[in-house]
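Structure assessment
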2 protein chains.
Amino acid sequence: MRGGCGVRAMTGRETPWVERFPGLSRLAQETKDLLLSKSSIVEVPSGTVIFGPGKSPENMLFLLEGTVRVQQVSDTGREIVLYRIHSGESCVLTTACLLAYEDYAAEGIAETAVRAVAVPRKVFDDLVGQSKAFRDFVFAAFSKRITDLFLMVDEVAFQRMDVRLGQRLLALADAAGAIATTHQKLSIELGTAREVVSRQLQEFQRRGWVQQSRGKVRICDRRALENLVEHHG
Amino acid sequence: MRGGCGVRAMTGRETPWVERFPGLSRLAQETKDLLLSKSSIVEVPSGTVIFGPGKSPENMLFLLEGTVRVQQVSDTGREIVLYRIHSGESCVLTTACLLAYEDYAAEGIAETAVRAVAVPRKVFDDLVGQSKAFRDFVFAAFSKRITDLFLMVDEVAFQRMDVRLGQRLLALADAAGAIATTHQKLSIELGTAREVVSRQLQEFQRRGWVQQSRGKVRICDRRALENLVEHHG
DNA sequence: TGCGCCTCAGTGACATTGTCACCAACGACC
DNA sequence: GGTCGTTGGTGACAATGTCACTGAGGCGCA
């Protein structure tokens, strides 16, 4: 689900950004034109807090490039990553969400440099009213988010930590199996304590599944991790 | 699942059901009329599985009476209650949800006898298109559900079990402090094991906060439980 | 009444995970 | 070299989850 190439070429007018969103390419030309004319492209550097407690976004974002990490910050100080928005996906829910309920504890952070299309709330609302195709796109986004959150609750409540860590390692690894992250960051991914991650990684290393160095993890036996995840998940 | 009856208590035209939903009473009269004419009232007995794996609802429900419990069933056999829909609330998300993504493991169960208004998918979509007020209602419902799920993840991941049990006891108790439920059912509320609930309740009883008998829990010291919940949650 | 059968709850042993305090290794910087 | 913050390792302990088993209560029925 990542755009990768094509983004650069997008800067020309041969391929308007609308075409890069599977759900939006089906819109009527008139709707696309409205969307294109009333929106603007924003760029934010890596690490920017896009929304958070006391910082509501006024625009709906459609990500062209980069990823946004959404995480819950507990009042106990612990954190957990809820989900990520990748390029080609939209922030539909977060905005609608935060507009209605101000008492939330989640925040969205640009995990990389991000380029996105900002659609003002008003334009968004008009589009939902005018276009059935756009409605379908929006509801599909909401639906996916909610079912994912259902699965997230299930995972946090019932899944073993070694399986969850294995999942994340596989998801975060690049093609060579390398992951540039710390135990601390991995513990936030899973909503657990750093010590737990350290212990699990040591066990994985003892079994020859991964190798560790400061700030890095490398998967040596992808098959074994997949088997762990598959068998118990 | 047929319309028809329900005339019993709904009687007469003095208060159309639309007025009983805070968000809907603001609709234009024309929108209300459309909603009233194109929907039907259904009644389902307690215990009915309204939706679940392999059983998608074709209608959007607005609850007039009763409650629906939505729970996640893990492939490990364990379960956890995600949320409840009370009278005056709508099922917006579940329907939209299940329409788009068939691979879910959540189910909705009528916890009591339920009377509800069934709005066909098509009518719902038209209303979203026509009425800004209806859109606001729908997005507010989605938003509340999503923020609640954020909090749910937070609670499951970080909150102590005694605090969570205390919360549920306070929420489920009637005015006299009585709760008619088993340890097993309480464990499903929290997504934990029965033994854990038994141990916690014993500790609460030892402290004089609750009294237990077969299939029943009675809160003796509501203040103490509130203090537990308040102080650590 | 006594019997069988089911649900409900209690218990102990153990595994997993979370918490806390502390320490050692590493790298950036002066 | 020396200092400092970050990163990761360790052990003790608490909280929670898992498992196997026990017994108490309720209910139908001969």
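For the structure itself, look to the data block above.
Fair warning: this is a prediction, and the values are worked out from it, not measured in the lab.

A few words on the protein's contact with DNA strand C. Residues in contact with DNA strand C amount to 18 residues; listed here are only the nearest, Arg78(A), Met161(A), Thr192(A), Gln202(B) and Arg214(B). Within 4 Å of the protein, atoms of DNA strand C come from sugar and phosphate in 62% of cases. Within the backbone of His183(B), an N or O atom sits 2.7 Å from a phosphate oxygen of DNA strand C. Contact between DNA strand C and Gln202(B): a phosphate oxygen at 2.4 Å from a side-chain N or O atom of the residue. With five residues, the top contributor of residues to the surface near DNA strand C is helix α8 (residues 194–206) of chain B. Its residues assigned to classes, the surface near DNA strand C comprises two nonpolar, seven polar and nine charged.

Neighbouring DNA strand D are 18 residues; Gln202(A), Arg214(A), Arg78(B), Met161(B) and Thr192(B) lie closest to it. Backbone atoms, meaning sugar plus phosphate, form 59% of the atoms of DNA strand D positioned within 4 Å of the protein. Arg194(A) is positioned such that a nitrogen or oxygen atom in its side chain is 2.8 Å from a base oxygen of DNA strand D. Here a phosphate oxygen of DNA strand D and a side-chain polar atom of Thr192(B) are 2.3 Å apart. Sorting the residues of the surface near DNA strand D by element identifies α8 (194–206) of chain A together with α8 of chain B as the ones contributing at least two each. Counting residues per element, the surface near DNA strand D draws most heavily on α8(A), which supplies five residues. Across the surface near DNA strand D, the residue classes break down as two nonpolar, seven polar and nine charged.

Its rotation angle being 180°, the transformation that places chain B on chain A also includes 0.0 Å of axial translation and leaves an RMSD of 0.1 Å. As the rotation angle and translation indicate, the two copies are arranged about a two-fold axis. In terms of C-alpha distance to the rotation axis, chain B has Gly129(B) as its closest residue, with the C-alpha 2.0 Å off the axis. A share of 98% of interface residues in chain B that are also interface residues in chain A marks the association as one of identical surfaces.

What follows is about the interface of chain B and chain A. Opposite the 43 residues of chain B that make contact, chain A presents 42 residues. Interface area, chain B with chain A, both sides summed: about 3,900 Å², of which 73% is carbon and sulfur. A per-residue breakdown of the area chain B buries against chain A is headed by Phe139(B), Phe150(B) and Phe158(B), which together make up 20% of the total. With a shortest N-O distance of 3.7 Å, Asp125(A) and Lys132(B) are connected by a salt bridge. Counting across the interface, chain B meets chain A through four residue pairs in polar contact (both at pLDDT 80 or more). Contributing elements (two or more residues each) for the side of chain B that touches chain A: β4 (68–73), β5 (79–85), α3 (92–100), α4 (121–130) and α5 (132–158) of chain B. The leading source of residues in the side of chain B that touches chain A is α5(B), at 20 residues. Class assignment of the residues belonging to the side of chain B that touches chain A gives a composition of 25 nonpolar, eight polar and ten charged.

Conventions adopted
- Residues numbered from 1 in each chain as written.
- Chains lettered and ligands numbered in written order.
- Predicted model: local features only at pLDDT ≥ 70, side-chain atom pairs only at ≥ 80, totals over all residues.
- Heavy atoms only, no water.
- Near = heavy atom within 4 Å.
- Polar contact = N/O pair within 3.5 Å; in protein donor to acceptor, adjacent residues only side chain to side chain.
- Helix = DSSP H or I, 4+ residues; strand = E, 2+ residues; numbered from the N terminus.
- Nonpolar A, V, L, I, M, F, W, Y, C, P; charged D, E, K, R; others polar.
- Least-squares fit on C-alpha atoms with pLDDT ≥ 70 in both.
- Contact = heavy atoms within 4.5 Å.
- Buried area = accessible area lost by both parts, 1.4 Å probe.
- Salt bridge = Lys/Arg side-chain N within 4 Å of Asp/Glu carboxyl O.

Geometry only, nothing functional implied.
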